[in-house]
Amino acid sequence: MNPALLSNLKNPKKLRPNHKYLSYDHFLNQRIDSTVKIDFGLMYQSITSQTSNAYENSYGVNLAYLAFSFPLSKTWGTSIGIRPFSTVNYNLNYTSPVVGKPDVTSTNVAKGRGGIYKMYWANGFGLTKNLSCGIETAYLFGNVNEEITSTLSDFSVNAFGFQKQYIYSAYNLKPGIVFRKEIVKSYRDTLLVADSNGLKTIPKVTKMTKSSGVFYNFGLTYDYYSTLNLSRNVDLFILNSTQNITAKDTTIEKSTSKAKLPPSIKLGFSIDKPMKWSVSADVFYAGWSVYNSVYNSDKLVNSYGINIGGEFTPGQLKLRSKTFRAGFSFVKTPISINGEQIEDVSVSIGGTIPFGRRNPTAPVIPRVNVALVAGQRGDVTSIGLREQYLKVYF
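All of these numbers come straight from a predicted model, not from anything done at the bench.

Draft legend 1. Broad picture of the overall build of the chain. When helices and strands are tallied, the chain shows one helix and 16 strands. Buried positions account for 42% of the 394 residues belonging to the chain. For the chain, the proportion of contacts with a sequence separation of at least 24, taken over those separated by at least 6, is 63%. As presented, the chain carries roughly 20,900 Å² of accessible surface, and 60% of it is formed by carbon and sulfur atoms.

Draft legend 2. Just the confidence of the model for the chain, in detail. Residues with a pLDDT of 70 or more make up 77% of the chain, whose mean pLDDT is 80. By mean pLDDT, strand S9 (residues 245–259) is the weakest element of the chain at 75, and strand S12 (residues 303–312) is the strongest at 95. In this model, residues 1–16 is a region of pLDDT below 50 whose contacts with residues beyond four sequence positions or in other chains number 76 contacts.

Draft legend 3. Molecular detail of the pattern of salt bridges. Enumeration according to the criterion identifies ten salt bridges in this entry. A salt bridge links Lys-332 to Glu-343; the shortest N-O distance between them is 2.9 Å. Within this pair, whereas Lys-332 is found in strand S13 (residues 323–337), its partner Glu-343 is found in strand S14 (residues 340–354), the two being separated by eleven residues in sequence. Using a relative accessible area of 33% as the deciding quantity, one classes Glu-343 as partly exposed. When salt bridges with common partners are traced through the structure, they connect Arg-83, Lys-118, Glu-136 and Lys-174 into a single cluster.

Draft legend 4. Spatial organisation of the pairing of strand S3 (residues 76–98). Inspection of the sheet shows strand S2 (residues 55–73) paired to S3 by seven bridges, in the antiparallel sense. Residue pairing for S3: Phe-70 is matched across the bridge by Thr-78. The turn linking S2 back onto S3 is made up of two residues. With 22 bridges joining them, S3 and strand S4 (residues 101–126) adopt antiparallel strand pairing.

Draft legend 5. Molecular detail of the nonpolar core. Leu-140, Tyr-168, Leu-228, Leu-230, Leu-261, Trp-288 and Tyr-291 are the most contacted members of the largest nonpolar core, which has 18 residues in total. Looking at this core, the elements with two or more residues in it are S3, strand S5 (131–152), strand S6 (160–194) and strand S8 (228–239). Broken down by element, the residue count for this core peaks at three residues, all from S6. Counting residues in hydrophobic clusters, the runner-up holds seven residues, among them Met-43, Ala-64, Tyr-65 and Tyr-393.

Draft legend 6. View of the environment of Val-109. Note that Val-109 resides in strand S4. Using a relative accessible area of 22% as the deciding quantity, one classes Val-109 as partly exposed. On a C-alpha basis, the gap between Val-109 and Leu-92 in space is 5.7 Å, while along the polypeptide they are 17 residues apart. Among all residues touching Val-109, those that are not within four sequence positions of it are Asn-91, Leu-92, Asn-93, Glu-147, Ile-148 and Thr-149.

Draft legend 7. Main features of the environment of Thr-107. Locating Thr-107 in the fold gives a position in strand S4. Residues Thr-107 and Ala-159, spaced 52 residues apart in sequence, show a C-alpha to C-alpha distance of 9.5 Å. Ignoring anything within four residues of it in the chain, the contact list for Thr-107 reads Tyr-94, Thr-95, Thr-149, Ser-150 and Thr-151.

Draft legend 8. Summary view of the pairing of strand S16 (residues 385–393). Of the pairings in the sheet, the one linking strand S1 (residues 37–51) to S16 comprises nine bridges and is antiparallel in character. Following the sheet pairing, Thr-51 is matched in S16 by Leu-385. Relative to S16, strand S15 (residues 367–379) runs antiparallel, the two sharing nine bridges. Its bridge partner lying in S16, Ala-374 is registered against Leu-390.

Draft legend 9. Quick peek at the packing of aromatic side chains. Under the defined criterion, the tally for this structure stands at eleven aromatic pairs. With 6.1 Å between their ring centres and 75 degrees between their planes, Tyr-216 and Phe-218 make a pair best called edge-to-face. Judged by relative accessible area, which is 23%, Tyr-216 ranks as partly exposed. Given a relative accessible area of 43%, Phe-218 falls into the partly exposed group.

Draft legend 10. Inspection of unusual backbone geometry at higher detail. In this model, Met-275 sits at a positive phi of 65 degrees, which is unusual for a non-glycine residue. Mapped onto the fold, Met-275 is located in the loop between strand S10 (264–273) and strand S11 (277–286). The phi angle at Asn-338 is positive, at roughly 55 degrees, despite the residue not being glycine. Inspection of the secondary structure puts Asn-338 in the loop between S13 and S14. With a relative accessible area of 70%, Asn-338 lands in the exposed category.

Draft legend 11. Representation of the side chain of Lys-266. For Lys-266, the position within the fold is in strand S10. Classification of Lys-266 as buried rests on a relative accessible area of 17%. Side-chain polar atoms of Lys-266 contact the side chain of Asp-223, separated by 3.1 Å.

Draft legend 12. A look at the side chain of Arg-325. One can find Arg-325 in strand S13. Engagement of the side chain of Arg-325 in a polar contact is seen with the side chain of Thr-352, the distance being 2.7 Å.

Draft legend 13. Summary view of the environment of Ser-69. When you line up the elements, Ser-69 lands in strand S2. For the pair Ser-69 and Thr-35, spaced 34 residues apart in sequence, the C-alpha to C-alpha distance is 8.1 Å.

How each quantity is defined
Residues numbered from 1 in each chain as written. Predicted model: local features only at pLDDT ≥ 70, side-chain atom pairs only at ≥ 80, totals over all residues. Heavy atoms only, no water. Helix = DSSP H or I, 4+ residues; strand = E, 2+ residues; numbered from the N terminus. Buried < 20%, exposed > 50% of the residue type's maximum accessible area, 1.4 Å probe, protein only. Contact = heavy atoms within 4.5 Å. Areas by Shrake-Rupley, 256 points an atom, 1.4 Å probe, with all protein chains shown as cover. pLDDT = per-residue confidence, 0-100. Salt bridge = Lys/Arg side-chain N within 4 Å of Asp/Glu carboxyl O. Pairing = 2+ DSSP bridges. Core = buried A, V, L, I, M, F, W, Y, C linked by side-chain atoms within 4.5 Å. Phe/Tyr/Trp six-rings, centres within 6.5 Å; stacked < 30°, edge-to-face > 60°. Polar contact = N/O pair within 3.5 Å; in protein donor to acceptor, adjacent residues only side chain to side chain.

In structure tokens form, the structure reads like this:
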């Protein structure tokens with residue numbers, strides 16, 4: 001199984017614009033953002049993996065995003081940046097029997113590190129007052145290093161193992177469109193008009209509208225990927241008693257391959273009062289059943305999910321106010337074990353905190369974005385495997 005492809009980060013698409021921070025996660029709103037922004041973030045991740053007879057913890061820190069956006073005209077905004085497309089970070093210990101040797105067991109340690117990054121250039125264009133379109137082009141690249149070490153019981157031999165390195169590259173094209181319109185309040189205004197003699201009044205009813213300050217948004221994006229280029233190197237090594245590699249005995253495999261990545265479609269809706277509050281939801285579908293690779297013997301299934309979230313900014317001085325967020329995500333992953341598709345369920349909380357002694361009327365004030373995501377994949381009872389994870393973005 002290609003480990004980097006199946007740990008794709010969930011980044012819910014926020015359809016509502018907010019001028020306080022960079023909208024790198026939804027390029028369609030960039031055309032209405034008139035300020036220059038730069039944003040940087042890190043992610044700490046802790047994973048607890050459990051099977052019917054094993055329990056392991058792994059953790060690590062990785063780049064969450066680096067993005068820079070700026071306007072090119074009144075109806076054209078652009079951004080460039082880099083963020084993870086997927087991450088791999090695990091450390092597992094397990095035992096297995098040795099075929100033909102019922103009295104001998106193998107103690108195994110499996111480690112994996114690395115991931116795929118996405119370097120992108122995104123543009124958003126205003127077509128009309130209410131309609132925008134955009135396109136994101138990206139280059140995917142990265143590598144994953146796996147190491148599997150085995151030690152046999154009752155044998156006076158050194159531990160041995162395999163080192164595997166996967167190298168990935170592909171291109172991504174994502175067009176999209178969003179419709180945004182204000183919810184207008186209607187009311188009737190009655191005006192009394194005198195007749196020609198000035199004696200009789202005739203009521204004149206006029207239908208009027210006024211601004212509500214609340215907007216609704218519909219958005220659609222389509223992800224298309226080029227053929228994924230892969231290469232794999234596999235080396236056999238021997239460990240001494242201090243767990244250091246004494247020799248790489250031979251290169252078992254050095255090969256290249258190609259794989260077809262599935263397209264995906266996302267549909268979202270949100271309602272918001274700019275700089276005050278918003279509620280949003282999106283659904284997605286990815287046809288992972290088309291994925292094929294000589295390095296992947298497991299059959300993948302189609303994936304889909306829903307993300308729901310909201311944010312609220314209390315107070316009147318909105319540029320200096322704190323913003324609070326919460327969300328929920330449910331995903332049917334492309335991995336199926338024993339005929340049961342693994343589910344990924346998570347909740348999140350977070351916020352934005354301004355800092356520094358800047359002019360409160362300035363269009364942009366330095367801020368710190370923080371988020372905490374807790375979730376679970378799989379279930380020990382039904383499929384024999386469960387992962388509980390905690391992610392901290394800062």
